[in-house]
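A structural walkthrough
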Amino acid sequence: MSRSENIDPKGVAKLKKYQKKVYSTTALVGGILSQDKTALGKAITLVESTHSKHQEQAKAVIEQCLQQKKNSVRIGITGVPGVGKSTFIETFGKELTSHGKKVAVLAVDPTSTISSGSILGDKTRMEELAKDPNAFIRPSPSGNSLGGVARKTRETVILCEAAGYDSILIETVGVGQSETAVHSMVDFFLLLKLAGAGDELQGIKRGIVEMADAIVINKADGDNLNAAKTAKEEFARALHLFPPKDNHWIPKTLICSAIENKGISEVWKMIEDYAEEMRKDNRFETKRIAQNKYWLLQFVEDQLKLQFYQNPAVKEKLKELLSEVSALKISPFTAAEKLLELR
């Protein structure tokens, strides 16, 4: 008997019918609201797609999901490579699910500037959390967006919240610029640090520390425990040098060991306290409204830039001006002015 003879025609018909239903906007929204991970995954794929038809459908799905009541906490987690972000997120995520929370992890994978490929290995690195029925892990290629933060991450957050995930963890690739973008889309910004890595004083100079709502010294175990405690005190003193935050929150410093699951519950308790304090006088909601306004303006800028470079006249003139700039016949600034005259 040939392989084709083993295929059930009725089964194929049912599968095609199911796929058609899942891909429809109504079915996708219904699936998301009923907490179907498959529907959520397909909707996120539409959001990430650059195809015009997919983008139209994604907008429709997002608009309907946007109306859903949310009681979530969005947490940005960053730190240099090697600080243990994946291990921390897995342990932290398991801590949250043990408290009945539904956790969505949006981990942005670095995209190679040479091959344009991404590893997308977060489900491998967070194997235990990936198996948890109350967790959803979505690795996304960073593409060419700012600092490695996927351009569609914010829309993905909306979809995850509509699917019932009340704890959204956004991991950055930790390369420097991505922190600013993540900070503009989360409620709480957590900076992971290592003790004895020689960056305690350097870290104080960076704006990243000023953005942090908490600094957590990871890998505080074994021979590194005392060094972690020392680093904690150093950062605590340093944070007092920064001006007060607009929301009056005083950033905290903690130590933890993600691999030994020590100090993780204290980190979650701190974030709970933060959310409770911010919600007392609507500071929580005020921050989200400000972020929405920021993203509106950011999207307008992105679209204007995209439309400008897609203009056929601009494309043609740009080639000519690039040649003149290369030949030192014209300055880059004069060339830019000539190009902008075409808008």
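Overview of the structure. Since this is a predicted model, take the numbers as computed values, not measurements.

Thoughts on the pattern of salt bridges
Pairing of side chains with opposite charge becomes possible as their charged atoms draw close. Tallied over the full model, the rule gives 14 salt bridges. Ionic pairing is found between Lys131 and Glu127, a salt bridge with its closest N-O pair at 3.8 Å. Here Lys131 pairs with Glu127, and both are found in helix α7 (residues 127-131), just 4 residues apart, close to one helical turn. Between Glu128 and Lys131 there is a salt bridge, and its shortest N-O distance comes to 4.0 Å. Taken together, the residues Glu128 and Lys131, both in helix α7 and 3 residues apart, mark about one turn of the helix. Lys131 sits in the exposed class, given a relative accessible area of 56%. Connected via shared salt-bridge partners are Arg74, Glu161, Asp187 and Arg288.

So, helix α14 (residues 283-310)
Working note: α-helix, 3.6 residues per turn, so residues spaced by three or four point in the same direction. Taking 1.5 Å per residue as the helical rise, α14 with its 28 residues ought to reach 40 Å, and the 41 Å between its terminal C-alpha atoms agrees with that figure. Along α14, the positions that sit buried rather than exposed are Arg283, Phe284, Arg288, Gln291, Trp295 and Phe308.

Quick notes on unusual backbone geometry
One non-glycine residue, Asn261, lies in positive phi territory at about 55°. Relative to the assigned elements, Asn261 resides in the loop between β7 (252-255) and α13 (264-280). With relative accessibility at 46%, the residue Asn261 sits in the partly exposed group. A positive phi is found at Leu328, a non-glycine position, where the angle reads about 60°. Structurally, Leu328 is set in the loop between α15 (312-326) and α16 (332-340).

What about the packing of α13 against α14?
With their axes 5 Å apart at the nearest point, α13 and α14 run at an angle of 85° to one another. Between α13 and α14, the angle falls in the class roughly perpendicular. Contact residues: α13 offers Tyr274, Ala275, Glu277, Met278 and Arg279, while α14 offers Arg283, Phe284 and Lys287. Partitioned by chemical class, the residues of the contact of α13 with α14 number 4 nonpolar, no polar and 4 charged.

Some details on the environment of Glu277
Here Glu277 shows up in helix α13. Using a relative accessible area of 28% as the deciding quantity, one classes Glu277 as partly exposed. In contact with Glu277, not counting residues within four places along its chain, are Trp249 and Arg283.

Description of the pairing of strand β4 (residues 167-171)
Within β4, 5 of the 5 residues are buried, which leaves it mostly tucked inside the rest of the structure. Alternating positions in β4 separate into two faces, Ser167, Leu169 and Glu171 on one and Ile168 and Ile170 on the other, with burial throughout. The pairing of strand β1 (residues 73-78) with β4 spans 5 bridges and is parallel. From the neighbouring strand, Ile77 faces β4, where its bridge partner is Glu171.

A closer look at the packing of α14 against α15
Between two packed helices, the angle of one axis relative to the other and the distance separating the axes together describe the packing. Put simply, α14 and α15 touch, their axes get as near as 5 Å, and they point 70° apart. Between α14 and α15, the angle is such that the two are roughly perpendicular. Touching Phe308, Tyr309 and Gln310 of α14 are Pro312, Val314, Lys315 and Leu318, all from α15. Of the residues in the contact of α14 with α15, the class split is 5 nonpolar, 1 polar and 1 charged.

So, the packing of aromatic side chains
The tally for this structure, following the rule as stated, stands at 8 aromatic pairs. Ring centres of Phe88 and Phe92 lie 5.4 Å apart, and the angle between their planes is 15°; this geometry places the pair in the stacked category. Taken together, the residues span about one helical turn, with Phe88 and Phe92 both in helix α5 (residues 85-98) at a distance of 4 residues. Each member of the pair Phe88 and Phe92 is classed as buried. When the ring of Phe92 is compared with that of Trp268, the centres are 6.2 Å apart and the planes differ by 70°; the resulting orientation is edge-to-face. Of this pair, Phe92 sits in helix α5 while Trp268 sits in helix α13; the two residues are 176 residues apart in sequence, bridging distant segments of the chain.

Thresholds applied
- Residues numbered from 1 in each chain as written.
- Predicted model: local features only at pLDDT ≥ 70, side-chain atom pairs only at ≥ 80, totals over all residues.
- Heavy atoms only, no water.
- Salt bridge = Lys/Arg side-chain N within 4 Å of Asp/Glu carboxyl O.
- Helix = DSSP H or I, 4+ residues; strand = E, 2+ residues; numbered from the N terminus.
- Buried < 20%, exposed > 50% of the residue type's maximum accessible area, 1.4 Å probe, protein only.
- Expected span 1.5 Å × (residues − 1).
- Axes fitted to C-alpha atoms, helices over the stretch in contact; angles between N-to-C directions.
- Parallel < 35°, antiparallel > 145°, perpendicular 65-115°, else oblique.
- Contact = heavy atoms within 4.5 Å.
- Nonpolar A, V, L, I, M, F, W, Y, C, P; charged D, E, K, R; others polar.
- Pairing = 2+ DSSP bridges.
- Phe/Tyr/Trp six-rings, centres within 6.5 Å; stacked < 30°, edge-to-face > 60°.

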